[in-house]
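Residue-level listing of the chains:
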Amino acid sequence: MKTIEVDEELYRYIASHTQHIGESASDILRRMLKFSAGQAAPKAPAVTAAPAPVASVQETVVKETSRPQDRVRAVRELLLSDEYAEQKKAVNRFMLILSTLYNLDPKAFAAATESLHGRTRVYFAGNQQTLVQNGTHTKPQHIPGTPYWVITNTNTGRKRSMIEHIMSSMQFPTELADKVCGTL
């Protein structure tokens, strides 16, 4: 077995196509590429002209998740992914959920987080300094793959209510939001 390195965004894209728990990345890629075991790999053509532009993974994800049922599927696949299952801390699962929600619909995520704050704290900001200035001991962390920072020094119940608010604002089904919050 060979090892290859892929960036976080590509890994999440591959993991989002998981069909059952325990499915390996090789199995997912074989299915996506319609490539079976023992099949000879096609020879690479000689490149003489500039290759045609290829849509980025992010563009593909946005196109594939533009319908509401696709967004729901993407969140369900996150919950079933190995990456999510490997997270032992609620804060790490919280960060994965936030990253996924942002990548599904950046504009709706921005609108949902804009109105989300506590009595004295700001929960989300575009930079670490804003969070530090609006609360003590906030432990801001950057949400991977987004321009956002979030405070992480809150109890799990508060993290759940933040996720619930964002998912509700983004018009996810209540049952799915409850399921996601139950995994924190």
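Note: the structure precedes this text.
What counts as what
- Residues numbered from 1 in each chain as written.
- Predicted model: local features only at pLDDT ≥ 70, side-chain atom pairs only at ≥ 80, totals over all residues.
- Heavy atoms only, no water.
- Pairing = 2+ DSSP bridges.
- Helix = DSSP H or I, 4+ residues; strand = E, 2+ residues; numbered from the N terminus.
- Axes fitted to C-alpha atoms, helices over the stretch in contact; angles between N-to-C directions.
- Parallel < 35°, antiparallel > 145°, perpendicular 65-115°, else oblique.
- Contact = heavy atoms within 4.5 Å.
- Nonpolar A, V, L, I, M, F, W, Y, C, P; charged D, E, K, R; others polar.

Draft legend 1. Representation of the sheet that holds strand S2 (residues 140-142) in the model. Read across the open sheet, the 3 strands follow the order S1-S3-S2; overall the sheet is antiparallel. Each end of this open sheet is capped by a strand with a single partner; those strands are strand S1 (124-125) and S2. The sheet contact formed by S1 and strand S3 (residues 149-151) spans 2 bridges and is antiparallel. When the bridges of S3 are listed, Phe124 appears paired with Val150.

Draft legend 2. View of the packing of helix H6 (residues 90-104) against helix H9 (residues 156-169). Packing of H6 against H9 leaves a shortest axis separation of 11 Å and a crossing angle of 10°. With respect to their mutual orientation, H6 and H9 come out roughly parallel. Contacts from Ala90, Val91, Phe94, Ile97, Leu98 and Leu101 of H6 reach H9 at Thr156, Lys159, Met162, Ile163, Ile166 and Met167. Split into classes, the residues belonging to the contact of H6 with H9 amount to 10 nonpolar, 1 polar and 1 charged.

Any functional reading would require information beyond the geometric quantities listed.
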